[in-house]
Amino acid sequence: MAMQVPAGNLLQNIQYPSDLKQLTEAQLEQVCQELRQYIIDVVSVNGGHFAASLGVVELTVALQYVLNTPYDQLVWDVGHQAYGHKILTGRRDQFHTNRLYKGISGFPKRSESIYDAFGVGHSSTSISVALGMAVASHYKGETDRQHVAVIGDGAMTAGIAFEALNHAGIENSNLLVILNDNNMAIDPNVGALKEYLTDITTSKPYNRFRDDIATVLTKISAMGPDAFKFAKKIEKSIKGTLLKRSNFFEALQFRYFGPIDGHDVEHLVKVLKDLRDIPGPKLLHCVTTKGKGYALAEKDQTKWHAPGLFDKITGEIKKTKYDKPQPPKYQDVFGHTIIELAEQNPKIMGITPAMPSGCSLNLMMKAMPNRAFDVGIAEQHAVTFSAGLASQGLIPFCNIYSSFMQRAYDQVIHDVAIQKLNVVFCLDRAGIAGADGPTHHGAYDLAYMRCIPNMTVSAPMNEEELRNLMFTAQQDDMGPFVIRYPRGSGVMVDWQRPMKAIPVGKGRKVCDGEDVAILTIGTIGNEVVKATAELNTEGYYPAHYDLRFVKPLDEALLHDVFKKFNKVITVEDGCLEGGMGSAVLEFMADHKYKADVVRLGIPDHIIEHGEQPELWAECGYDATSIAAKVKTIAGKRKAHTIAS
């Protein structure tokens, strides 16, 4: 049960930004202290993302104090850092339900609050969104409306962010981009942009002049357009001289302000008020510390991005303790297995877009730093970079979360599949992803991958199968190869077994049976194993087949199934439209079989957040639901057993 905690003296009287505006600027520092403590108190006992929201407490308070939200439109990038925003916009009393089944979302969500200007879950969309809003307001004559995008320096590495900056520079729109510069995404940032921002923030001569420039520019802008143009030229000259290079953002025709201390709330208020009166696209560079105000989170920002439950006093992260060994997480099976394979095969490389700890490629990055690459939040680049490696005879394992792979679909087709390049796509977090909700569920990969020519699409039922599929994929001339697996732990304690190749397109019979055949793909097959064990005690004996591949299908196995059974259930942890069940129906129609087929999987609507078992049950394909469906279609009970 989620626990509600009391708020501080000022915060308890703030339900909406209008309440915040009743306070003096001198009181805002106390509000920040209370807001930060409230986030610590709630997340420590209820879980959720942590360090990112602590880092933007002052910025959140300043924005809600200065802006006229929701009329002024505030777009948070990704949303990991939006907890303070939620608390200040009418959801403090519900915040203890954050990320829980039927509770409020862990991300901004338009249907949840009018203050959530745009729904976000994947990074780097904020500038494009805010620019679209700003152009719309300009078109409608809403000249007094502010549009603000808050984007982290990690999110700024994505191509869409650069595309939006490039476009915004030529639009005379009322847009403010706030660069939240903490040198961190989930893992430490990488790339040339990170180095550039570091140069700016450590340039002492430039920092001595930054406030004077902003003050002068604000005053001169009131004197008319000619004076403003002259002031801009002076400003650019000073910035270029002090930084010994052209300012990147100025080159894109943004007016650049900063860097400023992102934890000085009164100064932030002053600057934001000044920037309201300056027309055109602007970028405010705020330097912050992820995890600010909680020493352990400041020290180890990756660990404290989303630590789970913890003791806020001692900092001890609470882990469930077991008396005996437990199965590993699938991501760790990948992380250890790719090292084993790479030790045997010098062609293997590892690639991930900014998720080395999330997908466990960090193990290979440490063991083989010249063969594993974090390319930043840039899924399109990750895929095409992998294609470039593969074109030169290497075998890249490109590990991208299933929902993030959606962002690189054209690259998968154009750069990999058409050219039959041996890129191994390891899709982590496939299927229902849990508390991150609809932006992170890997619902669509079976459907969107199986329709691509030259593609092999597979899913292991357990850890041993994952290792075997990885071994299979790195053999010669495998071409584009997808291996999808879920978030969370597997089912095998003894999983580090010798690897062997699996014939591509070959499924397996898990158990024999009669009356009903259940076809599964992937780890959801383990729910069928549970259901079958229970059904056997009640006199029902369904057969169970693990397809392993949705492309190519094991046609010999399917012929056997449809010759023997006229009642078939398909189960997949993926969308029903176009998924494995659809592939089976296509096979049945093409070969003129007639059978009653029931498809279980993610239905054709958006599934909200919750723990995986809760959502499997909601969608009707947990063990209990599967057993009930078998009973419904199987007919009367049997009084004997079936030999396996």
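Please read these numbers as outputs of a predicted model, since none were measured by experiment.

Conventions adopted
- Residues numbered from 1 in each chain as written.
- Predicted model: local features only at pLDDT ≥ 70, side-chain atom pairs only at ≥ 80, totals over all residues.
- Heavy atoms only, no water.
- Helix = DSSP H or I, 4+ residues; strand = E, 2+ residues; numbered from the N terminus.
- Buried < 20%, exposed > 50% of the residue type's maximum accessible area, 1.4 Å probe, protein only.
- Contact = heavy atoms within 4.5 Å.
- Areas by Shrake-Rupley, 256 points an atom, 1.4 Å probe, with all protein chains shown as cover.
- Patch = residues over 30% accessible without salt bridge, like charges linked within 9 Å, V, L, I, M, F, W, Y side chains within 5 Å.
- Salt bridge = Lys/Arg side-chain N within 4 Å of Asp/Glu carboxyl O.
- Lys, Arg positive; Asp, Glu negative; His and termini not counted.
- Charge placed at Lys NZ, Arg CZ, Asp CG, Glu CD.
- Pairing = 2+ DSSP bridges.
- Axes fitted to C-alpha atoms, helices over the stretch in contact; angles between N-to-C directions.

Asks: With reference to specific residues and values, describe the overall build of the chain.
Replies: Along the backbone of the chain there are 26 helices and 17 strands. In the chain, which comprises 644 residues, the share counted as buried stands at 59%. Counting only contacts in the chain whose residues sit at least 6 apart along the sequence, the fraction spanning at least 24 positions is 77%. A total accessible area of about 26300 Å² is found for the chain, and carbon and sulfur atoms account for 52% of it.

Asks: Any chance you could break down a positive patch on the surface for me, citing the residues and the numbers?
Replies: Together, Lys303, Lys319, Lys329 and Arg487 give the surface a local cluster of positive charge. Among the structural elements, Arg487 can be located in the loop between β11 (481-484) and β12 (508-511). Classification of Arg487 as partly exposed rests on a relative accessible area of 31%.

Asks: Just give me the short version of helix α4 (residues 57-66), but keep the residues and values in it.
Replies: Of all 10 residues that make up α4, 10 are buried, and the element is covered over most of its length. Within α4 the residues assigned to the buried category are Val57, Glu58, Leu59, Thr60, Val61, Ala62, Leu63, Gln64, Tyr65 and Val66.

Asks: Go over the sheet that holds strand β16 (residues 567-575) with me, naming the residues and quoting the values.
Replies: In space, the five strands of this open sheet follow the order β12-β14-β13-β16-β17, with mixed pairing throughout. Two strands in the sheet have a free side with no partner beyond their single neighbour: β12 and β17 (596-602). Taking the axes of each pair of neighbouring strands and ignoring which way they run, one obtains an average angle of 25° across the sheet. Pairing between β12 and strand β14 (residues 543-546): three bridges, direction antiparallel. Across the sheet, the residue bridging to Arg508 is Asp546, located in β14.

Asks: Go over a negative patch on the surface with me, naming the residues and quoting the values.
Replies: A contiguous patch of negative charge, built from Glu29, Asp261, Asp264 and Glu266, is present on the exposed surface. Relative to the assigned elements, Asp264 resides in the loop between β4 (255-261) and α12 (265-276).

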